[in-house]
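# Coordinate analysis (summary)
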Amino acid sequence: MKGIILAGGAGSRLYPITISVSKQLLPVYDKPMIYYPLSVLMLAGIREILFITTPHDQAAFQKLLGDGSHVGCNFQYTIQEEPNGLAEAFTIGEEFIGNDKVALVLGDNIFYGNGFGSLLRSKVDVDGASVFAYPVRDPERYGVVEFDEDQKVKSIEEKPKIPKSKYAIPGLYFYDNKVVEYAKQVEPSARGEKEISTINQMYLEAGNLEVGVMTRGMSWFDTGTVESLDDATEFIRVLQNRQSTMIGCIEEVALVHKFITKVDFEKAIDRYGKSKYGEYLKNLQNES
């Protein structure tokens, strides 16, 4: 399976913070936001990853992440000229995807939970589509999934004015290769965007959509607003300082899952200097 991180958009809900910098490059406590969704794909065992950015932000992402070799991955970059919707990621990335299955994660989404890595790795051989549902207070901001009394999916609707349930679909999706052809069939919605909910509805109608409800032990943040960005920062700060572990540390994920050797890990440490992140990596090196 290959991975795509959609890191485009104007981030206008965060203005003036994002007028001059990509939302996905903003700090969430002690690391750039993009490290968190990247670590999610790496936890799933995915090593070929395409970053879709705006034209003017791509160089900054390349400067930060390079070609991925330092974490045993292959990073590629392309652009989305205009924020035309999530479904466009699969037509933009068609050549990159090739004949493989693909996971898409949004660059401003943060996930955490016990057993999350195992859950991710169980999705990489998906037959059809596999997405998640998470209970929220403001489902009208998201794609919403409706269940029947037997907990089977009845419908999926994008940003409904009157949501049929409290279950939002987080920005993490696993698809087989049919997603490319489905994406080509998606027409812009009334909002003028090619909605990923339309793709999920196509899989649902074909009987090939799996929706798993995230348990209480899972946490999800969509950091698209000032309040949610602040919430995510505080969550990461408290959890890391109490547990002495780091969330979204891509070098640690690469080492644990043997994407890189201990020698490679030592080389990666040097780029972070005396920062808190660098000190954490040095402590890992000493412990190992």
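Relevant structure appears above.
Now for a look at the structure at hand. Everything numeric in this text was worked out from a predicted model, so none of it was measured.

Moving on: the packing of helix H6 (residues 178-185) against helix H7 (residues 196-205). The N-to-C vectors of H6 and H7 enclose an angle of 120 degrees; their axes lie 9 Å apart at closest approach. Judged on the interaxial angle alone, H7 and H6 are oblique. Once H6 is placed against H7, the crossing between them reads as right-handed. Two secondary-structure elements touch here, H6 through Lys178, Val179, Tyr182, Ala183 and Gln185 and H7 through Ile199, Met202 and Tyr203. Of the residues belonging to the contact of H6 with H7, the class tally is six nonpolar, one polar and one charged.

Attention now moves to the packing of helix H10 (residues 262-269) against helix H11 (residues 276-287). Running from N to C, H10 and H11 cross one another at 155 degrees; their axes reach a closest spacing of 10 Å. Comparing their axes, H11 and H10 come out roughly antiparallel. The hand of the H10/H11 crossing is left-handed. Contact residues: H10 offers Phe265, Glu266 and Ile269, while H11 offers Gly278, Leu281, Lys282, Leu284 and Gln285. A class-by-class count of the residues in the contact of H10 with H11 yields four nonpolar, two polar and two charged.

Further remarks concern unusual backbone geometry. Cis rather than trans, the peptide bond between tyrosine 15 and proline 16 has omega equal to 5 degrees. Here proline 16 is to be found in the loop between strand S1 (2-7) and strand S2 (27-28). Even without being glycine, tyrosine 29 reaches a positive phi, approximately 60 degrees. The phi angle at lysine 258 is positive, at roughly 60 degrees, despite the residue not being glycine.

Further remarks concern the pattern of salt bridges. Tallied over the full model, the rule gives 16 salt bridges. Between arginine 141 and aspartate 222 there is a salt bridge; the shortest N-O distance is 3.6 Å. Of this pair, arginine 141 sits in the loop between strand S8 (129-135) and strand S9 (143-147) while aspartate 222 sits in strand S14 (residues 218-222), and the two are 81 residues apart along the sequence. Its relative accessible area of 13% is what places aspartate 222 among the buried residues. Note that arginine 237 is salt-bridged to glutamate 234, the shortest N-O span being 2.8 Å. Of the two residues, arginine 237 and glutamate 234 are both situated in helix H8 (residues 226-243); the distance of three residues between them amounts to about one turn of the helix. For arginine 237, a relative accessible area of 32% gives the class partly exposed.

Reading guide: rules and limits
Residues numbered from 1 in each chain as written. Predicted model: local features only at pLDDT ≥ 70, side-chain atom pairs only at ≥ 80, totals over all residues. Heavy atoms only, no water. Axes fitted to C-alpha atoms, helices over the stretch in contact; angles between N-to-C directions. Helix = DSSP H or I, 4+ residues; strand = E, 2+ residues; numbered from the N terminus. Parallel < 35°, antiparallel > 145°, perpendicular 65-115°, else oblique. Left-handed = near helix turned anticlockwise from the far one by under 90°. Contact = heavy atoms within 4.5 Å. Nonpolar A, V, L, I, M, F, W, Y, C, P; charged D, E, K, R; others polar. Salt bridge = Lys/Arg side-chain N within 4 Å of Asp/Glu carboxyl O. Buried < 20%, exposed > 50% of the residue type's maximum accessible area, 1.4 Å probe, protein only.

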